[in-house]
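Chains, contacts and geometry: an overview
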Amino acid sequence: MQAIILAAGMGKRLKELTQNNTKCMVKVNGITLIDRMLHQIEKQHLSRIVIVVGYKGEKLIEYIDSLDIQTPIVYVNNPIYDKTNNIYSLYLAKEYLCSEDTLLFESDLIVEDKIIEMLVNDPRDTLALVDKYESWMDGTCVKIGEDDSIEAFVPGKKFKFNEIKDYYKTVNIYKFGKNFSETHYIPFLEAYSKALGNNEYYEQVLRVITMLDNPEIKAKRLDGQLWYEIDDVQDLDIAESMFVPDEDKRVALLQERYGGYWRYPQLIDFCYLVNPYYPPKKMIEEIKASFTTLLTQYPSGMRVNSLLAAKNFNVHAENILVGNGAAELIKGLMDILPGKVGIVRPTFEEYSHRRKETEIVAYWPQNDNYSYGCKDLETFFDDKDIKNLIIINPDNPSGNYIEKKELLQLIEWAKRKDIKLVIDESFSDFADEKDNTFFDNNLLQKNPQLFVMKSISKSYGVPGLRLGVLASGDTETIKRLKKDVAIWNINSFAEFYMQIEEKYKNDYAKALNRFREERKRFVEELSTIQGLRVIPSQANYVMAEITNGISAKELTRRLIVNNNILIKNLYPKMNEKEKQFIRLAVKTVEENNKLIDALKNNLKEDIS
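Structure report, in brief. Remember, predicted model here, so these are calculated numbers, not experimental data.

Cut-offs and rules
- Residues numbered from 1 in each chain as written.
- Predicted model: local features only at pLDDT ≥ 70, side-chain atom pairs only at ≥ 80, totals over all residues.
- Heavy atoms only, no water.
- Helix = DSSP H or I, 4+ residues; strand = E, 2+ residues; numbered from the N terminus.
- Buried < 20%, exposed > 50% of the residue type's maximum accessible area, 1.4 Å probe, protein only.
- Contact = heavy atoms within 4.5 Å.
- Pairing = 2+ DSSP bridges.
- Axes fitted to C-alpha atoms, helices over the stretch in contact; angles between N-to-C directions.
- Salt bridge = Lys/Arg side-chain N within 4 Å of Asp/Glu carboxyl O.
- Parallel < 35°, antiparallel > 145°, perpendicular 65-115°, else oblique.
- Nonpolar A, V, L, I, M, F, W, Y, C, P; charged D, E, K, R; others polar.
- Left-handed = near helix turned anticlockwise from the far one by under 90°.
- Arc of directions from axis to C-beta.

Quick word on the overall build of the protein
The helix and strand inventory of the protein stands at 22 helices and 26 strands. Projected onto the principal axes, the alpha-carbon positions of the protein cover approximately 90 × 60 × 45 Å. Expressed as a percentage of the 608 residues in the protein, the buried residues total 56%. Taking the contacts inside the protein whose residues are at least 6 apart along the sequence as the reference set, 74% of them involve residues at least 24 apart.

Here it is, written out as structure tokens:
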């Protein structure tokens, strides 16, 4: 068996990275793509490696010759690489293709070693390596049958988004049997090139072949193995976080992204916090139906969106402000609140990050669960020089919850103390207590020192819309904040969501009930795991202490490496450095079960 690598392309989308180098000489974590690929192929002890070069071909050959590859390497030159596509590069290597069984690679790929081993060890002669389609993928897809037969090749022009559940993406690695090349691929390749020219892709030939009664080629499905195709700098950035050799650094790079995890193959995100049961399918379809209009038209300005928010949250428009996520509103509010700020720790640090640490007065609950009530807060802050107090309810990450009747007493205390009280109720809808909101116009009018913040992303499961709201009876502050933000600070999709949201109140209530049932089950299952102490929570996440000696950092690493699951390591947030805490989002039943099994497997290794 031999290998053929197509490496003639220019890689224009990588811009300055390929100005003086061919695409496969781009480095991922300090190692070029071609270096990695050649050493992976060398482990398979093949007869030879045929490399089709073109752009910067001499430089590439010189570089490869310096890599000390023991497998014989043969070079084929594509002199018109800038006028042709990869169908012509493969055409130039056709004699080699017919000489023996072949592994065919494109040179802009980075893959795990085991992927090549799987393909070589599969007893079937001719295979197309495929993976279940995900939204980050681009290029040729296929539909496959239960017997791994390829029922259809789907090029980009024929791609239908309403059929993506049936699609598999070609990884652009193939195994061609010698007989398949001789009797099928090369004859069709020559005919196709003659009829349609050389500015095509070699997959087009496979598309024609699969229309035969007996095309011989089958699909080889991946199942969670890592690979990535590098076409631009964003692909390169993601590949570096996926394939970094240092596993701790890999986890850190993932955590530093703060989202966008749909581009990571089969990653399950238990770190970031949204409602897993909302929005409903009908609401999504309604937004889809208006997609073109929303994409091509401006949203309304701040005044209109304040009216929409006022309608949805039952307050007056002059008392409420809409933000591009709660983060925009937190920044604006913290920039203008005078004096020192009281907070509870551990907590969501976006508020305190907007102030100097010398302006922060922090209360740490003195118990194992980090629980507290309003009396604890009043006692601690009563003699402290603070002008503002931030309450996250339920708190993040502890899940500590203060009931509404108790918070009403804290509002009165803050009023007597002339303290501005910010209640962030981004997670309050998940609590068992119903009707616990402070978006109440009468309450706000009577207590102008009260500010109520809410992230729509968390409760309503729409983080991509970037929506948050802030309400207060202090209309002058609200007016000032409205002047500080851009007139079009939210997009048309977010505005449309607020426009239709009220129609789905019943669906939202059902989603919350369904969530509470699953949280109860999830907590019960987690509580049975040896080495884990689960802390009661009223939010859509659970804080837990690891009690068997493993560190939170190590468990986070194991879950990423072994299970492709991302959780929150709380060690940096905690004051008791001898203890180890993690935070786990509550997701769907299927996802939660995967996490439960993964935790059992990764924690039992350290139970003596």
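Overview of the sheet that holds strand β22 (residues 532-534)
Strand order in this open sheet of four strands is β22-β23-β26-β25, and the pairing throughout is antiparallel. The sheet is open, and its two borders are formed by β22 and β25 (568-569), each paired with just one other strand. Of the pairings in the sheet, the one linking strand β23 (residues 541-546) to strand β26 (residues 580-585) comprises six bridges and is antiparallel in character. Bridge pairing in β26 places Y541 opposite A585. Sheet strands in contact with helix α22 (residues 589-603) are β22, β23 and β26, and its direction is about 160 degrees off that of β26.

Things to note about the pattern of salt bridges
In a structure, side chains of opposite charge can pair up when their charged atoms sit close to one another. For the coordinates displayed, the defined rule picks out 40 salt bridges. The shortest N-O distance in the salt bridge between R221 and D148 comes to 2.8 Å. Here the residue R221 occupies a position in strand β12 (residues 218-221), and D148 occupies one in the loop between β9 (141-144) and β10 (150-154), the gap between them amounting to 73 residues. On the basis of relative accessible area, R221 is assigned to the partly exposed category, the value being 30%. For E182, the salt bridge is made with K178, and the minimal N-O distance between the two is 2.9 Å. Of this pair, E182 and K178 are both found in helix α6 (residues 178-196), four residues apart, which corresponds to roughly one turn of the helix. On the basis of relative accessibility, which here comes to 36%, the residue E182 falls in the partly exposed class.

Focus on the packing of helix α14 (residues 374-381) against helix α15 (residues 404-417)
Where α14 contacts α15, the axes come no closer than 9 Å and their chain directions differ by 20 degrees. Between α14 and α15, the interaxial angle falls into the category roughly parallel. Together, C374, K375, L377, E378 and F381 of α14 and E406, L407, Q409, L410 and W413 of α15 make up the contact between the two elements. Class assignment for the residues of the contact of α14 with α15 results in six nonpolar, one polar and three charged.

Remarks on the packing of helix α21 (residues 552-563) against α22
Contact pair α21 / α22: the axes reach a minimum separation of 10 Å and the direction vectors enclose 115 degrees. With respect to the hand of their crossing, α21 and α22 are arranged in right-handed fashion. Facing α21, whose interface residues are L555, R558, L559, N562 and N563, α22 presents L595, A598, L599, N602 and L603. The residue inventory of the contact of α21 with α22, partitioned by class, reads six nonpolar, three polar and one charged.

Regarding helix α2 (residues 57-65)
Among all positions of α2, only G57, L60 and I64 are buried. Looking straight down α2, one finds its buried side chains confined to an arc of 60 degrees; they lie on one side. More than 90 degrees from the buried face of α2, the exposed residues found are E58, E62 and D65. Residues of α2 that are buried sit in contact with β1 (2-7), α1 (33-42), β4 (49-53) and β5 (73-77).

Don't take any of this as a statement about function, it's just geometry.
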